[in-house]
Amino acid sequence: MTGSSRTNQARRSDATRTAILDAARERFAADGYERATIRAIAKDASIDPSMVMRYFGSKEGLFAAAVALDLRLPDLTRMPRDEVGRALVGHFLDLWEENEELTAVLRVGATNEAGAERMQGIFRDQLLPVARQVCPDPEQVPARAALCAAQLLGLALTRYVLRLPPARELTREELLAWLGPTVQRYLTAPNP
């Protein structure tokens, strides 16, 4: 294969991958994760379904590659230090309530390597910097951010994925009252 042939093949490969990702984003947004199918995504991208599998391995792998999540986390330095836990819990509640992609990413992250890598990237790129804003000990930022993630993802799992009735029945104010102080402690309390 000549250099120009490899270059053309790489361009076609990139174009195919881009077409699949574009179609997947639209299909996941329109139909949600559960109803979107590889067949429908392939049809939207004008390719054979086997090509989707070739590039992404599974629906979960495709979803993890297609969905870019910006959690739009608040700047905690702009609020009173004793309110950051409650603010962060409230922010996540708003996100979970309005964005079914987050629930799908949680499901995929718990069962698929590509999804887990996506969740790890979100943690590293979005949650760690926010924890760094208020954590009293820079060396403890990763552990404290992980504790916050465990609390918030645990809530999401029980309320939005498993839909446990007691978790679903808690009001927003009850969740803020219970979880806000816990997340606050994780972020700002002195080292135990």
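Caption draft 1: The pattern of salt bridges, seen in detail. If you walk through the whole model with that rule in mind, you get ten salt bridges. Between Asp75 and Arg78 there is a salt bridge, and its shortest N-O distance comes to 3.1 Å. On the basis of relative accessible area, Asp75 is assigned to the partly exposed category, the value being 31%. Under the relative-accessibility criterion, Arg78 is labelled exposed at 73%. One salt-bridge network, in which partners are shared between bridges, spans Arg27, Asp31 and Asp44.

Caption draft 2: Broad picture of the state of the cysteines. Using the criterion set out here, one finds zero disulfides in the structure. Not part of a disulfide, Cys135 finds its nearest cysteine sulfur in Cys148, a span of 9.1 Å. What makes Cys135 buried here is its relative accessible area of 11%. You can call Cys148 buried: its relative accessible area is 0%.

How each quantity is defined
- Residues numbered from 1 in each chain as written.
- Predicted model: local features only at pLDDT ≥ 70, side-chain atom pairs only at ≥ 80, totals over all residues.
- Heavy atoms only, no water.
- Salt bridge = Lys/Arg side-chain N within 4 Å of Asp/Glu carboxyl O.
- Buried < 20%, exposed > 50% of the residue type's maximum accessible area, 1.4 Å probe, protein only.
- Disulfide = S-S within 2.5 Å.

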